[in-house]
Amino acid sequence: MPKLLPKSLPDLDKEHWKYSNVNAVLAKLELVDQKPLWEMTGAFEFMTVDQEDTIHLIIPKNRKVDKPIDLKLIGEDGKNLHTNVVIDVEEGANVKFVERQVGVGAYWKNISIALNIDANAQVGYYRLCEEDPFCVVTEFMTVNMERDARFNALVVNGCSGFGRNEFKVNLNGAGSEADLAGLALLRGKQHGDTTVCIDHIAPYCKSSQFFKTILEDQSRGVYQGKIHVYKDAQKTDGYQLSNNLLLSPLAEMDVKPELEIYADDVKCSHGTTTGELDETPMFYLRSRGLNEEDARHMLIEAFVGEVLDKVSDEQIRALFDDRVKLWLK
Amino acid sequence: MLKIKNLTAEIDGKQIINGLDLEVKSGEVHAIMGPNGAGKSTLSYVLSGRDGYKVTGGTAELDGVDLLALDPNERAAAGLFLAFQYPVEIPGVQMTNFLKTALNSIRKSRGESELEALDFLKMLKAKQKALDIADEMLKRAVNVGFSGGEKKRNEVLQMAMLEPKFCILDETDSGLDIDALKIVADGVNRLRAPDRSFLVITHYQRLLDYIVPDVVHVLAKGKIVKSGGPELAKELEAKGYAEIVA
């Protein structure tokens, strides 16, 4: 596993795009390297290798793991933490992961996850964070999906000072389906970047991206989403939607939805909205007796709820509800 | 009950309400009819306090309370209710939760205790039945995916739950067929009470066959130009507005 180095991180030159300059932020921190800090529950029987900076899990063929595997990645003040996670989910297996990002202080946590989902296997991946507002977190997840594989992901970001959360999904096998959703909750001077690229390589695959951001104060959100349909990926069904809510005149949201299509029999859609809370529903609620604060609250919770509804597991949903409530106060 | 004196109001600097006077006594139903652009919906938004509708003169009092000094939610707490011409869709807010929050907000601002979940559901159950509202509809998000008739019935349900003393119905009959209209009108008639008044804004005389008003007003160019009994509505239906408004 190659070491993750700052020189490969996105910056102004690499992306030809003004968004997330990770190197510039890291230059302001004085950090020393440290072994990754993590805790995991519910997974030791699946661990194969525990190298210095790699966590490797294999979920065996046709195995249904009942309880979600809980992976906690911990940040520590003044440290560079690079973690590699490799997960092989074998044919017909079914597993859910809850990844928690925690930490205190100014640190850089750089995580690379390779998730290989074999034929007919199903994976749910849920990420929550309770980071420090001074930290930098970069996370890159590659998902390789074989025939009829299923991948559902929900990420709630926005507690780090500077975060970039990247997904690269390769739909290699026919009939595979990836459903990605996320919520970025940003305030203060936080920067939250969500970058997604879904490669439709095989035919009859389906993908969905549903991402929302709420921005307060002087925060800045980024969403770059791409659906890339290869020449042979006929009957592709690709969906992409980004809705963003600006709650302060000083907040900034940058959105770049992209479609790149080389097949001729596909269905792809993308859409994006960025704006303030609508006056009309606000007035409707207030005319029914809700004061301004309660009405705002109700509309923001509704905005968030549409994303959280993607989680069918009640216990996992409750974790997200708590996290979001905490943010909303 | 409601006393409006010499009211003037504008939107984006354009005067729409031009010195309107209106008095509705306790228990009365008044209808306001008028051609397009007369200021009918503007009047309903001005009274309920929507942003962008600027009052430039005059007064509006509900049982002696100066409505114009209050926020929209304070007006609701004072007993004012507006049934919207176009009820607003709110994705992600479930009907039951919406009704409960609204009711408890109003109770709270009146200094009453919040309703327990069970008491609330009992109350809801009784009122929804009369309006032919299925349980399934209350599990959906507010007005999302509702038909035209369902939206209007939902407005009347909210009215029944919040028990206001003054109700404005803004073109509640628009877009309804005769069956849907009857259900809505029955719902409204059931709420008629000696201590509750209605202002029914409508484009069509038809509604007034089902909700029979005590007084009919004709609104034109932002003021009331003629008032009369229910027969005035029939006259308007037959002759049109041209004669009266000219």
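Just so we're clear, the structure is a prediction, and the values are computed from it rather than from any experiment.

## Concerning the overall build of chain A
- Scanning chain A from terminus to terminus reveals five helices and 19 strands.
- The C-alpha atoms of chain A give 20 Å as radius of gyration, which agrees with the globular expectation for 329 residues (20 Å, within 12%).
- Taking all 329 residues of chain A together, the buried fraction comes to 54%.
- Put simply, of all contacts in chain A between residues at least 6 apart along the chain, 83% involve residues at least 24 apart.
- When the accessible surface of chain A is summed, it comes to about 14200 Å², and 49% of that surface belongs to carbon and sulfur atoms.
- Here chain A holds 38 positive side-chain charges and 53 negative ones, and the gap between their average locations is 1 Å.

## Side note on the confidence of the model for chain B
- Model confidence for chain B is summarised by a mean pLDDT of 93, while 100% of its residues fall at 70 or above.
- Across the assembled chains, the prediction reports ipTM 0.95 with pTM 0.86.

## Observations regarding the interface of chain A and chain B
- On the chain B side, the residues contacting the 16 residues of chain A number 30 residues.
- Carbon and sulfur atoms supply 67% of the area buried between chain A and chain B, which totals about 1900 Å² over both sides.
- Per-residue buried area on chain A facing chain B is highest for Phe283(A), Tyr284(A) and Arg288(A); these three make up 40% of the total on that side.
- Here chain A is connected to chain B by three salt bridges.
- Among the ionic pairs, Asp71(B) bridges to Arg286(A), the shortest N-O distance being 3.7 Å.

## With respect to the nonpolar core
- Grouped together as the largest cluster of nonpolar side chains are 88 residues, with contacts concentrated most on Ile4(B), Leu20(B), Leu43(B), Leu99(B), Phe166(B) and Phe198(B).
- Excluding anything up to four places from it in sequence, Leu20(B) contacts Ile4(B), Lys5(B), Asn6(B), Leu7(B), Leu43(B), Leu219(B), Gly222(B), Lys223(B) and Ile224(B).

## Looking at the packing of aromatic side chains
- Considering all chains together, one arrives at nine aromatic pairs over all chains under this definition.
- Consider the rings of Tyr45(B) and Tyr53(B), whose centres lie 5.3 Å apart with planes at 55°: the pair is tilted.
- Overall, the relative accessible area of 10% leaves Tyr45(B) in the buried class.
- The class for Tyr53(B) is partly exposed, based on a relative accessible area of 22%.
- Among the aromatic residues, those joined into a ring-pair cluster are Phe283(A), Tyr284(A), Tyr45(B), Tyr53(B), Phe84(B) and Phe98(B).
- One cation-aromatic arrangement involves Arg187(A) over Trp327(A); the distance from NZ or CZ to the ring centre is 4.0 Å.

## Some thoughts on helix H7 (residues 178-191) of chain B
All names here are of chain B.
- The first and last C-alpha atoms of H7 sit 20 Å apart over 14 residues, in line with the 20 Å expected at 1.5 Å per residue.
- Looking only at H7, the buried set comprises Ala180, Leu181, Val184, Ala185, Gly187, Val188 and Leu191. End-on, the buried residues of H7 take up no more than an arc of 155°, which puts them together on one face. Away from the buried face of H7 by more than 90 degrees, exposed residues Asp179 and Arg190 are located.

## Looking at empty space enclosed by the protein
All names here are of chain A.
- Counted under the stated rule, the structure contains four cavities of 30 Å³ or more.
- Around the largest cavity, the lining is made up of 19 residues, and of these Asn157, Gly158, Ser160, Gly163 and Asn165 lie nearest the centre.
- At four residues, strand E14 (residues 191-200) tops the list of elements feeding residues into the lining of the largest cavity.
- The residue makeup of the lining of the largest cavity, split by class, is five nonpolar, nine polar and five charged.
- As for the second largest cavity, its lining consists of 13 residues, and the residues nearest its centre are Ala184, Thr194, Phe211, Lys212 and Thr213.
- Taken together, the elements giving at least two residues each to the lining of the second largest cavity come down to strand E11 (150-157), strand E13 (177-186), E14, strand E15 (206-215) and strand E16 (220-229).
- When grouped by side-chain class, the residues that make up the lining of the second largest cavity number seven nonpolar, five polar and one charged.

## Here's the deal with the sheet that holds strand E2 (residues 14-24) of chain B
All names here are of chain B.
- Spatial ordering of the open sheet is given by E2-E1-E4-E5, a layout of four strands whose pairing is antiparallel. Unpaired on one side and paired on the other, E2 and strand E5 (65-66) mark the two borders of the sheet.
- Here strand E1 (residues 2-11) pairs with E2 via eight bridges, running antiparallel. Residue pairing for E2: threonine 8 is matched across the bridge by asparagine 18.

## Focus: the sheet that holds strand E9 (residues 122-130) of chain A
Residues and elements named next belong to chain A.
- With mixed pairing, nine strands are arranged side by side in an open sheet as E2-E5-E7-E9-E11-E13-E15-E17-E19. Whereas interior strands pair on both sides, the edge strands pair on one side only; in this sheet they are strand E2 (37-41) and strand E19 (267-275). The mean angle between the axes of side-by-side strands here comes to 10°, regardless of whether they run parallel or antiparallel.
- Two strands pair when backbone bridges link them, and strand E5 (residues 69-76) and strand E7 (residues 94-104) are joined in this way by eight bridges, in the parallel orientation.

## Things to note about the state of the cysteines
- One pass over the full model with this rule turns up zero disulfides over all chains.
- With no disulfide of its own, Cys197(A) lies 12 Å from the sulfur of Cys268(A), the closest cysteine sulfur.

## Some words on the pattern of salt bridges
Residue and element names in this part refer to chain A.
- The full count for this structure, using the stated rule, is 35 salt bridges over all chains.
- Residue aspartate 70 pairs with arginine 100 through a salt bridge whose shortest N-O separation is 2.8 Å. Highlighted residues: aspartate 70 in strand E5 and arginine 100 in strand E7, separated in sequence by 30 residues.
- Between arginine 164 and aspartate 193 there is a salt bridge, and its shortest N-O distance comes to 3.2 Å. Here the residue arginine 164 occupies a position in strand E12 (residues 162-171), and aspartate 193 occupies one in strand E14, the gap between them amounting to 29 residues.
- Several salt bridges share partner residues, and in doing so they unite Glu99, Arg127 and Glu139 into one network.

What counts, and where the lines are drawn
Going along each chain's sequence as written, the residues are numbered from 1 onward. By the order in which they are written, chains take letters starting at A while ligands take numbers starting at 1. The predicted nature of this model means local features are confined to residues of pLDDT at least 70 and side-chain atom pairs, given and counted, to a pLDDT of 80 or more, with totals for whole chains, interfaces and linings taken over all residues. Excluding hydrogens and water, the side-chain values take into account all heavy atoms of the structure. Helix numbering and strand numbering both begin at the N terminus, where a helix is a DSSP run of H or I of at least 4 residues and a strand a DSSP run of E of at least 2. Note that the radius of gyration is over C-alpha atoms, with the globule rule given as 2.2 Å times the number of residues to the power 0.38. Exposed residues in this analysis have more than 50% of their type's maximum accessible area, buried residues have under 20%, and partly exposed residues fall in between, with area computed by a 1.4 Å probe over protein chains only. The contact definition used throughout considers only heavy atoms, calling two residues in contact when any of these lie within 4.5 Å. Residue exposure ignores everything except the shown protein chains as possible cover, and the areas themselves are Shrake-Rupley values with a 1.4 Å probe. Neither His nor the chain ends is counted toward charge; the positive residues are Lys and Arg and the negative residues Asp and Glu. Charge positions come from single atoms, namely NZ of Lys, CZ of Arg, CG of Asp or CD of Glu. Every residue is assigned a pLDDT by the predictor, reflecting its confidence on a scale from 0 to 100. Defined here as a combined quantity, buried area equals the accessible surface (1.4 Å probe) lost by two parts on assembly, summed across both. Salt-bridge detection follows one rule: a side-chain nitrogen of Lys or Arg within 4 Å of a carboxyl oxygen of Asp or Glu. Nonpolar cores were defined as sets of buried Ala, Val, Leu, Ile, Met, Phe, Trp, Tyr and Cys residues, with membership established by side-chain atoms within 4.5 Å. In summary, the pairing rule links any two rings of Phe, Tyr or Trp, Trp by its six-membered ring, whose centres are within 6.5 Å, and it sorts them by plane angle into stacked for under 30 degrees, edge-to-face for over 60 and tilted for everything else. Two conditions define a charge located above a ring, namely a distance within 6 Å from the ring centre to NZ of Lys or CZ of Arg, and an angle within 35 degrees of the ring normal. Under the convention used throughout, the expected extent of a helix is 1.5 Å for every residue step, that is, one less than its residue count. As used here, the arc is the angular range of directions from the helix axis to the C-beta atoms. With a 1 Å grid spanning the protein atoms alone, the term cavity applies to any set of points in which a 1.4 Å probe fits but cannot get out, the term pocket to an open set with protein on both sides within 12 Å along at least five of seven lines, and the term lining residue to any residue with an atom within 4 Å of a point. Grid points are joined across faces, edges and corners, and a volume is the space filled by probe spheres set on the points. Think of it as three bins: nonpolar holds Ala, Val, Leu, Ile, Met, Phe, Trp, Tyr, Cys and Pro, charged holds Asp, Glu, Lys and Arg, and polar takes everything else, Gly as well. In short, DSSP must find at least two bridges between two strands for them to pair. Between N-to-C directions, angles cover 0 to 180 degrees, with each direction set by a line fitted to C-alpha atoms, over the stretch in contact for helices. In what follows, a disulfide is any cysteine sulfur pair within 2.5 Å.

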